[in-house]
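Chain residues, written in single-letter form:
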Amino acid sequence: MLEISLHAGVGHPVSLVMLALIGLFIGYIAGMFGVGGGFLLTPVLIAIVGVPAPVAVGSALCQKCGTSIASFLKYRHLGRGEPRIDLVMLGGSLIGVDAGTRLLAHLSERGRWVVLGRPVPAVTLVLDLVFIVLLSLTTVYVARDAIRARGREAPRGDVTIPGPLVTRIRIPPFIDLPGVGLERVSVPMMAYLGFVLGAASGLMGIGGGVLFMPIMLYGFGLSVRNAAGTGVLLLFVTVAVGTFEQALHGFVSLRLALALLVGSSVGSQLGALTTNVLPNRILRLLFAVLVAATVVMIAVDLGHLLIGHQGGR
């Protein structure tokens, strides 16, 4: 089996075929849900491939430069989403990704903390815990909505139902979003959300999509298809800037990212097409199951780190 030796902070041979298959799966998830796939890719690189946490974060962001532009082109062709949301949130997102990257660099310099009598890399411990909390909350909200949707007489389809971020937060100035059927949406609120998403990207290498989707679905009230199509432009610009900053800190392995991109560039196209086939309620349920499985994988890896073997780390 083909292998490559990655020396940019990895230090051991990695199968090219395995990386391509991982990229194919991550790209499919990115295209289907518009979330970038980083919420799954970063933990997989850390727990399964054995990549150090900072390099996993930086390389995951780098890989998403390719998948995000591919998904963006596909969704523009399908006419999904509202680009005005991306443009308003972009400024805050770029500031946030710088803050998140600086925090990641600070944690990587903290060395190891002693937890339960074991020396544990500080950055790995913090990232695992943040991932578990964030993804667990996401799973609960998405799964609850998917279960409630079973009791509705008719599927929601692509009809926007204005959520609390639109109806309750009334901080001027406002903007209309005709592409998704929303009126008088607060611009400052969207900018602050962009900052939070950017900070998550810089710290966790997730592109912010796993946060973006619940915000669009339950905060703004968009359908899954329009929410996925909306976030891809914001995702692309955020991960491009984030990759540059991560590279300055030495956290990006281009060989690792390119190997993943071989599969993900194909998978993202297939995933985007899938959103036109499956009903919204099924897409939400699948998303919840996938995120829950990721939480279990991270929890198992964290358990090995704290009370079991070191897992190569």
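Residues numbered from 1 in each chain as written. Predicted model: local features only at pLDDT ≥ 70, side-chain atom pairs only at ≥ 80, totals over all residues. Heavy atoms only, no water.

**Quick look at the pattern of salt bridges**
- In this structure the tally under the stated criterion is one salt bridge.
- Between arginine 102 and aspartate 98 there is a salt bridge whose closest N-O contact spans 2.9 Å. Taken as a pair, arginine 102 and aspartate 98 lie in helix α4 (residues 83-108) at a separation of four residues, close to a single helical turn.
- Given a relative accessible area of 23%, aspartate 98 falls into the partly exposed group. (Salt bridge = Lys/Arg side-chain N within 4 Å of Asp/Glu carboxyl O. Helix = DSSP H or I, 4+ residues; strand = E, 2+ residues; numbered from the N terminus. Buried < 20%, exposed > 50% of the residue type's maximum accessible area, 1.4 Å probe, protein only.)

**Some details on a nonpolar patch on the surface**
- A surface patch of nonpolar side chains, about 410 Å² in accessible area, is lined by Val17, Leu21, Leu24, Val266 and Leu270.
- The set of elements that each furnish at least two residues to the nonpolar patch consists of α1 (16-33) and α10 (254-274).
- With three residues, α1 is the single largest residue contributor to the nonpolar patch.
- Looking at the element boundaries, valine 17 is found in helix α1. (Patch = residues over 30% accessible without salt bridge, like charges linked within 9 Å, V, L, I, M, F, W, Y side chains within 5 Å. Areas by Shrake-Rupley, 256 points an atom, 1.4 Å probe, with all protein chains shown as cover.)

**Section: the pairing of strand β3 (residues 112-115)**
- Relative to strand β4 (residues 118-121), β3 runs antiparallel, the two being bridged by four bridges. Bridge pairing in β4 places arginine 112 opposite proline 121.
- Counting the residues in the hairpin turn of β3 and β4 gives two residues, including leucine 116, whose phi is positive at 55 degrees. (Pairing = 2+ DSSP bridges.)

**A few points about the packing of α4 against helix α7 (residues 187-204)**
- Put simply, α4 and α7 touch, their axes get as near as 5 Å, and they point 35 degrees apart. In terms of crossing hand, the pair formed by α4 and α7 is right-handed.
- Tallied by class, residues from the contact of α4 with α7 come to 17 nonpolar, nine polar and no charged. (Axes fitted to C-alpha atoms, helices over the stretch in contact; angles between N-to-C directions. Left-handed = near helix turned anticlockwise from the far one by under 90°. Nonpolar A, V, L, I, M, F, W, Y, C, P; charged D, E, K, R; others polar.)

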